[in-house]
Each structure stands twice: as structure tokens, then as C-alpha cells.
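Fold and contact review
In case you want the letters, here they are:
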Amino acid sequence: MTSQKNEIQPETTELLDQIVALDTELAKDFKTQFSVAPFLSRKVVSFQGNKGEPAYSWYKYKEAFSAGLVEYFLCSYGGKISGKVLDPFAGIGTTLFAASSQGISADGVELLPIGQEIIRTRLLSERELTSHDIVTLEHWIASLPWKESPKRVPFSTIRITENAYPPETIEAIERYRGALQQENEKIQAILRLALLCVLESVSYTQKDGQYLRWDARSGKRRPGTKVFNKGEIFAFDTAITAKLKEVLWDIRDVQMPVTLFPAKRSVKDIRLFEGSCLEVLPTLETAAYAAVITSPPYCNRYDYTRTYALELAMLELTQAEVSHLRQEMLSCTVENREKDLLKICPQWVSFIEVVNQQKLLQAINSYLQHEKTAGTLNNNGIPRMVRGYFSEMACIIGECARVLKPNARLFMVNDNVRYAGVSISVDMILSDIARSVGFEVEKILVVPGKKGNSSQQMGTYGRVPLRKCVYVWRKR
Ligand SMILES: C[S@@+](CC[C@H](N)C(=O)[O-])C[C@H]1O[C@@H](n2cnc3c(N)ncnc32)[C@H](O)[C@@H]1O
């Protein structure tokens, strides 16, 4: 049965009323924990806060938060954290590097190869480069050796990255890849990092949440989308030279104080686990961490494997590997299939039970399922995605509680979302789950200024503000 748009069935109204009632009840319950935090500007909780920050701004990872935010949490809750910090969704390593620079050891887990590559190479750049390596990099900036390179090393593409660059850019990238093979492994890593950092700017594409947008000059256009012009598409030589200069400048900046004042070196160990936190967390020691500072993917349908497809293809992932990776990621896209969480860890049965008992979430699940049956969802994968997101997050939160020391805190940046006209209070649902798996909810800090909805949602249901928050939970 398909209902007409805007013609609301009585059963739908009943389900919506139930959601509103449960949401209001939970809001009353968390009333004292909610507070608007003026110091949490949009800039601080996003990548924008890293603009101009040495090394943090090399690779524009739109999903990152700022180093300043991490530093704040490391120092502002009951004095400086002593002990190791964990980030189960490490991204490009903001938590890890910010903690390390404060003299705090940090462990991170990251599944996306681009994030892993950035973290590994940044570590290498800070700790392993010699003055001879620096001279080699200076030579690359001054002489552009790839231009004369007779050797071209082609790179592979996957379906969505075909024809992503102008022909002269493809040739330049191939020569660059050929020339860098003459160098030692450390230099190769830095040169590869710089290449990854400029791919978007020399391509016809622009990252845009769920998709890559294609500039009209590519000759490609997604059906039903407007003609798009991304602005300047940079020549490869210009982009790569500017990036190498920036990287080298920052490397010198980091290395200088160490060279002049070796005793002052306070950076601490960083350990990266390359894989899914669903697999890695159960292997970590109990009560080993003094804090978790993290931001998971939001439940917003953003597909990292599409947004970062240019980089994944350059890192030589095949189509099949990218598809597999999409399924391994935390469920937040309509394509994610259900994961067998109990196969990963049979002990998680208690966390799944907590999810099944969370009334607001169950009401939302029933509503979304009902709307799916009625044919009113714009994608039938939405109910499965929402169910998967909260089940997986419950297991991750439960594991975080286990690996934290008593009284240690977990800080999490996350956004509420909206589907089929219903606002999903991710903040309250996750906080409620957290208190059932071993945390006390200390605060739900609301970022001032509310975020709108996707244009699709706004067209259908009007603009309803959604909260962006930082949750502060303490292990009981
Ligand atoms: C919001 S971003 C975190 C960014 C990070 N705070 C930073 O500043 O770079 C979420 C990260 O979780 C990663 N991720 C998604 N699913 C994962 C999983 N199952 N295990 C580990 N990492 C995962 C994504 O690749 C992404 O880098």
C-alpha cells in the first residue's frame, strides 16, 4: 500500500505521537545534564578549527574535529589527564596527535585506509626524517623532478573515479609516481602523502557528504542534479609544489624545537590499530585508559568510501575491496547490511538487550518500519541503517566502558539526525544506552546555533533544528 505524500495515516500519527512523548520524557530525564556550551563553536567541533594548524591541515578531512577541542578535554575536566587516551574512530589522528603533544600516550583505531595513511606518514614525518631527507624534499620543490621523469607509473581507478582528472593531470601524476620511486621509503611516503592531499583540488570532483560531485567540465553528470562548477581546478605542478612547501614548512617547524632543545621533547607514543573498532576493542585490556575522546560517523547516510574514493583508488584499493570496506564501516549508509555482532563478540548479548529495551529507539524503529511498508521512505535502507547504527554503537560504548579506568571520562562529538519527518535524538538515545552499560551521564553539551536538515528533508517536512552535541560520560 502506498500512501500519498502529505496524507498522514492515523497509524502514522499514533506512532509519531508516541515518539514525541518518549522524546519529551527522556528530555526531562536529562534536563540537568543538557547545557548550551558557548565555547563549543562550530569551528572548534569541526575541521575548520585546524585551519592553519601545522600538520593538522595538510589533508582536508572534513569529518575531523579540531586539535583545540581535544586539548580542551584533556585539560579541563578535573586537571590534566594522566594515563593513556583512546580514540576508536581516529580519522586522521586528531585525538592522537593532540594528546601526544601534551605528553599523553594515545591509541587509535581507524578503518579507512586514507586516515591510516595520514596518521602513519605524519608520525614518520615527526619522528624519522633526517636532515638529508629534508634536503631531498627541498630539491623536489625547487626542481620538480617528475616533469623530466621518463618513467610513468599508472594508477588504477574504481567505477566512481573514472575520468576524474584532466588528461594532462593524469600524465603528471603518473610521472610523479614514477619519479618518487627513485627515493628512499621515507621520502616516498611523504611524496605520496602530498599527492593524496591534492587529489581533490586537481580533479573534476568535490567531496559532498554522501557523494562526489562532478564538475560539468568532466562531461559527467549525476542524473537529476544541477550543472555544477567547482571553481578553479588546479594544475598538478602548482598544487603539488604548494603542498610540498606546506608540508616541509611544518616538518621543519615540528623538528626545530626538538633539534634545539632535545630535552624538551614531550611527544608521547601513538599506537594505531588498523581495522574496525568492532574487532579491535574486544582485544584491548580492561581498565587501561584514562579517557576516550572520539567522534563516530554520524547516522547521516554519509558514505566515506564514496567521498574518499579518489584517495582509496590511489591507495590501490580495488572495487571489491572498497565494497567490502563499506560493509565493515560503522553502519551509517543505506547500503550497510546488518552485521552479526554476536559472532564478533558473544558477550555483547547484554548490550544488544539494552538497545532492544531503549523505548524511544524502538518507537523510532517501528515508525520507520511502518513508513517503509507504506512506501513513504525515500530509501528503504533507512530503517536497517538506523537499527544497525544504534546496535553497533551500543557495543562500542559498552567496550569503551570496559577499557576505561573507573571515573575516567568519554567525550563524544555527534549529531542528531532526521528521517521521514522524525527527529532522532541520537544524543539522548546513546546517553541512555551509555548509562545502562556502565557510564554516568555528566553532561550533554550543546553546540550553539542549530544545524538544518538535508535539502531533501527540508523540502518535504520543513526546517526543524537538530542538535549537535558533545557527550561527557563518566565511568561509574
Ligand atoms: C567523524 S570521523 C572521526 C574523525 C576524527 N575525530 C578526526 O579528527 O580525524 C569518524 C571516523 O570513523 C571511521 N570509522 C568508521 N567505521 C569504523 C570502524 N568500524 N572502525 C574504526 N573506524 C571507523 C571513519 O573512517 C572516520 O574516519
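On a predicted model such as this, the values are computed, not experimentally measured, just so you know. (Residues numbered from 1 in each chain as written. Predicted model: local features only at pLDDT ≥ 70, side-chain atom pairs only at ≥ 80, totals over all residues. Heavy atoms only, no water.)

Our next topic: the overall build of the protein. Assigned secondary structure in the protein consists of 18 helices and twelve strands. At 23 Å, the protein has a C-alpha radius of gyration in line with the 23 Å of a compact globule built from 476 residues. Seen along its three principal axes, the alpha-carbon backbone of the protein occupies a region of about 70 × 55 × 40 Å. Between the mean site of the 60 positive side-chain charges and the mean site of the 54 negative ones, the protein shows a separation of 3 Å. (Helix = DSSP H or I, 4+ residues; strand = E, 2+ residues; numbered from the N terminus. Rg over C-alpha atoms; globule rule 2.2 N^0.38 Å. Lys, Arg positive; Asp, Glu negative; His and termini not counted. Charge placed at Lys NZ, Arg CZ, Asp CG, Glu CD.)

Moving on, we get to the pattern of salt bridges. Per the counting criterion, the structure on display carries 30 salt bridges. R217 is the salt-bridge partner of D215, the closest N and O atoms lying 2.8 Å from each other. Looking at R217, the relative accessible area reads 44%, which means it is partly exposed. Of the charged contacts, one joins R409 and E442 as a salt bridge, the two residues approaching to 2.7 Å between their closest N and O atoms. (Salt bridge = Lys/Arg side-chain N within 4 Å of Asp/Glu carboxyl O. Buried < 20%, exposed > 50% of the residue type's maximum accessible area, 1.4 Å probe, protein only.)

Below, the discussion takes up the sheet that holds strand β12 (residues 468–475). Taking strand neighbours across the sheet as the criterion, the eight strands line up as β1-β11-β12-β8-β7-β2-β3-β6 in an open arrangement whose pairing is mixed. Strands at the two margins of the open sheet, each flanked by one partner only, are β1 (34–36) and β6 (270–274). Within the sheet, the average angular offset between the axes of one strand and its neighbour, ignoring direction, is 20°. The sheet contact formed by strand β8 (residues 404–415) and β12 spans seven bridges and is antiparallel. Each bridged residue has a counterpart across the sheet, and for L410 the counterpart in β12 is W473. Contacting β3 (106–110) and β6, helix α4 (residues 113–127) runs over the sheet at an angle of about 155° to β6. (Pairing = 2+ DSSP bridges. Axes fitted to C-alpha atoms, helices over the stretch in contact; angles between N-to-C directions. Contact = heavy atoms within 4.5 Å.)

A word on the site of the ligand. The local shell around the ligand holds 24 residues, among which Y61, I92, T94, E110 and C277 are the closest. A distance of 2.5 Å is found between an oxygen atom of the ligand and a side-chain nitrogen or oxygen belonging to T94. Contact with the protein chains removes 99% of the 600 Å² of surface that the ligand exposes when unbound. For the shell around the ligand, a count of residues per class yields 15 nonpolar, six polar and three charged. (Near = heavy atom within 4 Å. Polar contact = N/O pair within 3.5 Å; in protein donor to acceptor, adjacent residues only side chain to side chain. Areas by Shrake-Rupley, 256 points an atom, 1.4 Å probe, with all protein chains shown as cover. Nonpolar A, V, L, I, M, F, W, Y, C, P; charged D, E, K, R; others polar.)

Right, let's talk about α4 for a bit. Given a rise of 1.5 Å per residue, 15 residues ought to cover 21 Å, and the 21 Å separating the end C-alpha atoms of α4 matches this to within 8%. For α4, the buried fraction is high: 13 of the 15 residues fall into the buried class. (Expected span 1.5 Å × (residues − 1).)

Right, let's talk about the confidence of the model for the protein for a bit. Looking at the protein, pLDDT values average 92 and 92% of them are 70 or higher. With pLDDT under 50 throughout, residues 1–5 is counted as low confidence; its partners more than four residues away or in other chains account for ten contacts. (pLDDT = per-residue confidence, 0-100.)

Across all of its chains, the model carries 18 aromatic pairs by this definition. Plain terms: the ring middles of F73 and Y77 are 6.2 Å apart, the flat faces sit at 45° to each other, and that makes the pair tilted. By the burial criterion, F73 is buried, and Y77 matches it. Judged by centre distance (6.4 Å) and plane angle (25°), the ring pair of Y304 and Y308 falls under stacked. As far as the burial class goes, Y304 and Y308 line up, both buried. An aromatic cluster of three or more residues is present, and its members are F39, Y72, F73, Y77 and F411. Just above the ring of F228 sits the side chain of R213; from NZ or CZ to the centre is 4.1 Å. (Phe/Tyr/Trp six-rings, centres within 6.5 Å; stacked < 30°, edge-to-face > 60°. Lys NZ or Arg CZ within 6 Å of the ring centre and 35° of its normal.)

Positive phi, normally seen in glycine, also occurs at N163, with a value near 60°. Tracing the chain through its elements places N163 in the loop between α5 (131–143) and α6 (167–179). Judged by its relative accessible area of 55%, N163 falls in the exposed class.

Let's shift gears to α6. Here α6 is 13 residues long and its end C-alpha atoms lie 19 Å apart, about the 18 Å a rise of 1.5 Å per residue gives. Among the residues of α6, those classed as buried are T169, A172, I173, E174, R175, Y176, R177, G178 and A179.

This part covers a positive patch on the surface. A cluster of basic side chains, namely K43, K51, K60 and K62, defines a positive patch on the protein surface. Residue K60 is classed as partly exposed on the basis of its relative accessible area, which comes to 45%. (Patch = residues over 30% accessible without salt bridge, like charges linked within 9 Å, V, L, I, M, F, W, Y side chains within 5 Å.)

Here the focus is the nonpolar core. Core analysis: the biggest nonpolar cluster contains 70 residues, and V386, I424, L430, F439 and W473 have the highest contact counts within it. By residue number, the principal contributor to this core is helix α16 (residues 382–403), which donates 13 residues. Within the second largest apolar cluster, 62 residues are counted, among which are I134, L144, I158 and L193. (Core = buried A, V, L, I, M, F, W, Y, C linked by side-chain atoms within 4.5 Å.)

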